[in-house]
Each structure stands twice: as C-alpha cells, then as structure tokens.
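Descriptive analysis of the structure
The chain contents come next:
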Amino acid sequence: MKTIVIGVIGADVHAVGNKIIEYTLTNAGYNVVNIGVLSTQEDFINAAIETDASLILVSSLYGHGEIDCRGMREKCIEAGIGEILLYVGGNIVVGKQDFIQVKQTFMDMGFTRVYPPGTPIDNALKDIREDLGE
Amino acid sequence: MANFLLIDFGSTFTKLCAVNTEAEDIIDTASYFTTVDTDISVGYHEALKILYRKIGREIEFEQVIACSSAAGGLKMAAIGLVEELTVEAAKRVCLGAGAKVDLVFSHHINKSEIRQIIEKKIDIILLAGGADGGNSENVLFNARALGKAGIKIPIIFAGNKSAQDEVADIFEEYEMDGYICDNVMPKINVLNIESAREKIRQIFLDKIIEAKGIKSIEKDIDAVILPTPQAVLEASKLLSEGYLTEEGFGDLVVVDIGGATTDMYSICTPTKRSDVLLHGLEEPFAKRTVEGDLGVRYSAPGIIKSLSEQEIKFINMEKNVDIEKEVEKRYNDVKTLPENAHDEFIDQFLAEVCAYRAMYRHVGRIEEVFTPIGKVFNQTGKDLTDIKYVIGTGGVIINSKNQESILLRTTNILHSETELRPLEPTFMVDEKYIMAAMGLLSKKDPLLALKIMKKYIRTI
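Treat the numbers as computed from the prediction; the structure is a model and nothing was measured. Position labels on residues start from 1 in each chain and follow its written sequence. Lettering for chains starts from A, numbering for ligands starts from 1, and both go in the order in which the items are written. With the structure being a predicted model, the display of local features is reserved for residues of pLDDT at least 70 and the display and counting of side-chain atom pairs for 80 or more, all residues being used for whole-chain, interface and lining totals.

Description of the overall build of chain B
Runs of H or I in DSSP of at least four residues are treated as helices and runs of E of at least two as strands, each being numbered from the N terminus. Of the regular secondary structure elements, chain B holds 15 helices and 19 strands. Just to be clear, the radius of gyration here is over C-alpha atoms, and the globule rule we use is 2.2 Å times residues to the power 0.38. The C-alpha atoms of chain B give 22 Å as radius of gyration, which agrees with the globular expectation for 460 residues (23 Å, within 12%). Along the first, second and third principal axes, the C-alpha set of chain B runs to 65 × 60 × 50 Å. Each residue is classified by how many other C-beta atoms fall within 10 Å of its C-beta atom, where C-beta atoms are placed from the backbone; a count of 20 or more means buried, 12 or fewer means exposed, and values in between mean partly exposed. Relative to its 460 residues, chain B shows a buried fraction of 50%.

Observations concerning the overall build of chain A
A tally of regular secondary structure across chain A gives six helices and five strands. When its helices and strands are written in sequence order, chain A yields β-α-β-α-β-α-α-β-α-β-α. Over its C-alpha trace chain A gives a radius of gyration of 13 Å, about what one expects of a compact globule, namely 14 Å for 134 residues. Burial analysis of chain A (134 residues in total) assigns 45% to the buried set.

Overview of helix H5 (residues 99–108) of chain A
Among the ten residues of H5 of chain A, one are classified as buried, and the element is accordingly described as predominantly exposed. Just beyond H5 of chain A, the residue with positive phi is Gly110 of chain A, at close to 105°.

Considerations on the sheet that holds strand S15 (residues 365–371) of chain B
Pairing between the strands of a sheet is mediated by backbone hydrogen bonds and can be parallel or antiparallel. Residue and element names in this part refer to chain B. A strand pair is defined by DSSP finding two or more bridges across the two strands. Here we have three strands laid out as an open sheet, ordered S13-S16-S15, and mixed in their pairing. Across the chains shown, the open sheet's two edge strands, defined by having one partner strand only, are strand S13 (276–279) and S15. The sheet shows a mean angle of 30° between the axes of neighbouring strands, taken without regard to direction. Sheet topology places S13 next to strand S16 (residues 374–380); four bridges connect them, and they run parallel. Bridge pairing in S16 links His279 to Thr380. Geometry is summarised by axes, namely lines fitted to C-alpha atoms with helices restricted to the contacting stretch, and by angles between N-to-C directions that run from 0 to 180 degrees.

Re the domain arrangement of chain B
The split into domains, and so the bounds of each, comes from an automatic or database assignment of domains. Looking at chain B, the domain boundaries give domain 1 (3–71 + 212–221), domain 2 (75–207) and domain 3 (232–432). With centres defined by C-alpha atoms, the gap from domain 1 of chain B to domain 2 of chain B works out at 34 Å.

Points about the packing of helix H4 (residues 137–148) of chain B against helix H5 (residues 164–173) of chain B
All names here are of chain B. For the pair H4 and H5, interaxial distance at closest approach is 9 Å and the crossing angle is 10°. As the angle between them shows, H4 and H5 are arranged roughly parallel. The segment H4 lies against H5, with Val139, Leu140, Ala143, Arg144 and Gly147 engaging Glu166, Val167, Ile170 and Glu173. Note on terminology: angles under 35 degrees are roughly parallel, angles over 145 are roughly antiparallel, angles of 65 to 115 are roughly perpendicular, and the others are oblique. Residues are scored as being in contact if the C-beta atoms we place from backbone atoms lie within 7 Å.

A few points about the interface of chain A and chain B
The interface is formed by 16 residues belonging to chain A together with 20 residues belonging to chain B. Put simply, the parts of the chain that give the side of chain A that touches chain B at least two residues each are strand S2 (31–34) and helix H2 (41–51) of chain A. Looking at the side of chain A that touches chain B, the element that brings in the most residues is H2 of chain A, giving five residues. Gly is put with the polar residues, along with every residue not named as nonpolar or charged; the nonpolar set is Ala, Val, Leu, Ile, Met, Phe, Trp, Tyr, Cys and Pro, and the charged set is Asp, Glu, Lys and Arg. Taken together, the residues of the side of chain A that touches chain B sort by class into nine nonpolar, four polar and three charged.

Some details on helix H1 (residues 40–55) of chain B
Residues and elements named next belong to chain B. The span you would expect from a helix comes to 1.5 Å times its residue count less one. Over its 16 residues, H1 runs 23 Å from end to end, which matches the ideal 22 Å to within 8%, given 1.5 Å per residue. Every buried residue of H1 is listed here: Ile40, Gly43, Tyr44, Ala47, Leu48 and Leu51. The buried side chains of H1 occupy one side of the element, clustering within an arc of 140° when seen end-on. Packing partners of the buried residues in H1 comprise strand S1 (3–9), strand S2 (13–20) and strand S3 (25–33). Where H1 terminates, the next one or two residues include Gly56, which has phi positive at roughly 100°. The directions from the helix axis to the C-beta atoms are what the arc is built from.

Here's the deal with the sheet that holds strand S9 (residues 178–180) of chain B
All names here are of chain B. Ordered by their spatial adjacency, five strands build an open sheet running S6-S5-S7-S8-S9, and the pairing between neighbours is parallel. Because the sheet does not close on itself, it has two edges, and the strands there are strand S6 (100–105) and S9. Geometrically, the sheet is characterised by an average inter-axis angle of 20° between neighbouring strands, direction not taken into account. Most of the contacts of H5 go to S9, to which it runs at about 165°, and overall it touches strand S8 (155–157) and S9.

Considerations on the pairing of strand S3 (residues 55–60) of chain A
Along any regular strand, the residues point their side chains to alternate faces of the sheet. Residue and element names in this part refer to chain A. Buried residues dominate S3, accounting for six of its six residues. Of the two faces of S3, the one holding Leu55, Leu57 and Ser59 and the one holding Ile56, Val58 and Ser60 are both buried throughout. Bridging between strand S1 (residues 3–8) and S3 involves five bridges; their strand directions are parallel. What sits directly across from Val5, in S3, is Ile56. One ladder, built from six bridges, connects S3 with strand S4 (residues 85–90); its direction is parallel. Among the inter-strand pairings, Ser60 is bridged to a residue of S4, identified as Gly90.

Side note on the environment of Ala11 of chain A
As for its position among the elements, Ala11 of chain A is in the loop between S1 and helix H1 (16–27). Taking the C-alpha atoms as reference points, Ala11 of chain A and His64 of chain A, 53 residues apart in sequence, are found 8.7 Å from one another. Beyond its immediate chain neighbours, meaning those up to four positions away, Ala11 of chain A contacts Leu38 of chain A together with Val369, Phe370 and Thr371 of chain B.

Here we look at the environment of Ser69 of chain B
Residue and element names in this part refer to chain B. Here Ser69 shows up in the loop between strand S4 (63–68) and strand S5 (75–79). By the C-beta count within 10 Å, which is 28 here, Ser69 ends up buried. Counting along the chain gives 363 residues from Ser69 to Lys432, while the straight-line C-alpha distance between them is 19 Å. Each residue touching Ser69, except ones within four places of it in the same chain, is listed here: Gly10, Ser11, Pro227, Thr228 and Pro229.

Notes on the confidence of the model for chain B
Scored by pLDDT, chain B comes out at a mean of 95, with 100% of its residues at no less than 70. In the predicted assembly, ipTM is 0.84 and pTM is 0.91. Looking at any residue, its pLDDT shows the predictor's confidence there, from 0 to 100.

Section: the environment of Val253 of chain B
Residue and element names in this part refer to chain B. Looking at where Val253 falls in the secondary structure, it is placed in strand S11 (residues 252–257). For Val253, a count of 29 C-beta atoms within 10 Å gives the class buried. Put simply, Val253 and Gly364 are 111 residues apart on the chain and 13 Å apart in space, counted from C-alpha to C-alpha. Those residues in contact with Val253 that lie beyond four places of it in its chain are Tyr265, Ser266, Leu384, Ile387, Val390, Thr410 and Pro422.

Set out below in structure tokens:
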C-alpha cells in the first residue's frame, strides 16, 4: 500500500477540506498520514521520511501558500527524499490571480502538481493514480 | 506482623528504608556509602548495622527488594531515523525506563558513532526508526552496521514492524544479543512506550546488574527489581493518581537534584485547554527528563558551561564569589559536604540553577499564531501551568536551609510568555528521602506505599 502524507501548511487552521481529503484517499486504498493543520514544511518532510511516503499533498487555504511552500523541494533534497512527488492545492495565493501564472510559479518551486481553488479531490485522485503508476 | 526492607543502591549512598505493614509506617531509615567498586554487600551490611542500631535490635524482614543506580546507572544509546520523531520517541522510552541517555543518533550511523558506543561503555542500545509500514532501509542499515562492528551489548529493536523479521535475521547472522519489541512510534506522532520499556527493565535485571557487580547482592536480599529513576517515576505516578479508596495528590512535578544529574518528572496530561492545538510527538502522561550536565558535584562544570561569560561575571560580582573556582572544587572532590555557611550558599545557588535549567528543558511551550480566522494557540510539550504540587527530593534539596527558593526556580519566575511552567504550585519536600523506596514498595503494596508517602512528603 502506498503512503501519502497530507496536511495544511503554515498558520492555517482550515480543517474541513483536510478531513475530506483524508477520507477520499483512504477509501481509494492509500495509507494516509494526516499531520493536520498548522504544519511546517519540516513536519511534512519528517513524516514522509519515517513512513516512506510516495507523495506529499500540501493544502493551503489562506492565501499565503507561496511563502509557506518556498524552498520545500530543496529541503526534500537535503533530507534525502528529493524525488518525492509534491502536490499543492487550495487557495494558494491571495486574490484572483491568473492561475496559469500561479501554476508556473509553483512548478518552478519544484511542485509536481498544482491545483486551482475549488478542485474536487476526485480530480486529483486521477493524477495520483497515474503518478503512482496504478 | 510483616516487615519490608527497601533498598536504593545509589551512586554515592546505599539507602535503606524499613517498613512495617501492620503499623502502615516506616520503622526507620539508614544509609552508608555504596561499595560497588569492591563488594556491594559491604556497604549494604554496614547500612543494615546502622539501621539495627537505630531500631535497637535486629528484626526479620519478610521481603528485601532493591532498586539501583549504582556503577553509573543504566547507560543507553537511543538511535532513530528523524530527530523530532523516532529519535525523540526512542529517547523518551529510555528515560521512562530510568536510563541515562548518553548517546542519541539519527539516520545512518557512522563508524565514529559506533566507536562512541564502545568508548562510553553503553549498556543497552535502543534501535528505532520508521513508522509501521514505513521506512525500513534505515534500521536495516543501522542493525547491519552494528553487527559488522561486532557490537555484542544488548540491542533492542523497536522500529518499523515491517522490518522486524529482517532485523532478527541480521541479529542472528552477526550473533548479536538482539531483542525485538513493538515499535516506539507505530504511527506518526504516536508514542508507544510499554513494550520497549519492559524489555529494557528485563535486560537491566538479567544482564546489566550482573555486569556491574550489583547482582551479587541477591545472595543477601530477595531481588533487585528496578532502576532507581523508574522507581521514583512509579512513586510519583502513584502519588498523583491515588490507589483504590486512597486519593492521590493530582497533577504534580517532582524534581530530584543530585551530584551527577537533575531529574524532572511531571505527572499530568499534556494540556487541559480546548483552545490549543498540540503539535509534535505525543507526550507521555508520566514524563521523565534527565539532565546529565546539571548536578551539584560531578556535573557542576555543566552548570558553568550553560552560562555565558557575562552571566558568570555578573554572578561573581553580585554574589561576591568565584563561581568557577567553587565548581572546580566540587568537581574534584565529589564527596565534599558543606562545612560552613559559604559552602551552603554555593550549593544552594548551584541547586537553584539546576532547578531552573532542568525545568526550562522539561516544560512545554505555547505560541500565539495569528491566522485569518483569528488567534490560535500552538503548543509543543507539556503544559504545567496548573500543576498543584512541586515536590523536591534528593540530598541537596532535602538538606537545604531554603528549600522553597530552589523549588521556586521551577515556576515562572521570569514571566516567560512561552514557557508553560507551573504558576502557583504548593511546594513539598520528600524529607525522609523515601520516594525510590516507595516506588519499590508500590510493586508489592501500592496502598501502603501511597499512605506512607502522603504522611511523610510534607508541605514546606
């Protein structure tokens, strides 16, 4: 069974979507490690190392995603899990910015998949299956 | 009429406590120097003679049981994967088992780390790493590295369950003294103490006390059953929780300042508040931390090291002493007892620093986080603000002329906004130095142990 680490990054306490993601991915047959809200980059990375996770799925709902996620890929590389899949989704930037540009920003930061606001987790599930080769 | 004799073989003193079960009281106590370097039974029999003299006659004991921290106590190395997770979990298990954690390693261990395990004469290695079903590679690497290096001391594997079989094979392949137990961190941030702690205790009793020359005492007494710090932890827990109809004290902290270490115990849940978010590895209800660099004799130089140059100058100026010289004197002659008011003053000062620093490292922290939906509190570690009692034990505190001033240092005297130190606890002292003995007794007769503690641990 493949392991996915999920959580909400930064000073962000939006817990509802986090629970829905946990529910959906668990039902889909994944071992979900939910580190919850107010999580730091290090919390995600540490959990991924200990659980030998294949994917880290970061949620950010309060607009500060870009600041909170910066440097995360580099830290993964330093921690020896440089190849891990990194997804991010939610309201990851403030206001109504052009999503194509937002997506590019996060891809440049080393994220594998970037989702716009309001994406149902089922859409992401298709990508997860594909990326994890299932 | 039944009498129990409870013994604590300490690093410096062998302490005896005789209890009568019918009178539900202590008959008397006595102590003599620990003689583990030559023959541990010599010191025991001397102490026993003193005890008989105090009682006025020789008495029979139904049971004679002991705990021990003699010959360096139980020295362990905790090895895990990630520092904040399995390394921390492994460390907490060792501390909960009454060990001194001399070495702590994370990720792949290297040759110099293995050398340290040998040089520091570690008694037991606790090898953890990986949540269940998680990372196996690291523990397999480490088990093999220890095997290749020819490590023959007991190794407890308490990591990823999926790696158990392979680790067991490695233990066999290299003819290691290996043991398998449940994972100390089966899931992220979940702490699982029991299985590994019990294994540590068993190995301590089966092998370590023999290697240290303590086992030979079992020809004179019934058994050594616990490492001393675990006995104190058991006593603290009993005193807090109560037993059957006998009520306990509720949430409490015990501080034990010795010559070589300062031990801090807290018995309470991590928080009682509903408006905080707990962060990090789960905290044990009965938590022990031990500071190997804080003590008033062997470890007095550690106190100096923890101070900045300016702080030292300030102390020397304000107290009109040469603190570095005083510390050196105590380090060079660890059996020094205070001879005059000046010596007492220095010991008092050192104990106060130990109490302050040890609590600084034991206590949890809280942080206000401003989020778009308002202010939230983020807590790591244990919240001790509501603790009802802070109890002092150990020679330095018991013999101090100003006990309160030492215990006060565990509270929030500097008005820190982040440290969750006790706010307004009642201060108590284990005047008769019986907590370890009562931890032992609690294994035989918890109700009696509790009654005696409630009688002799007094408010100051």
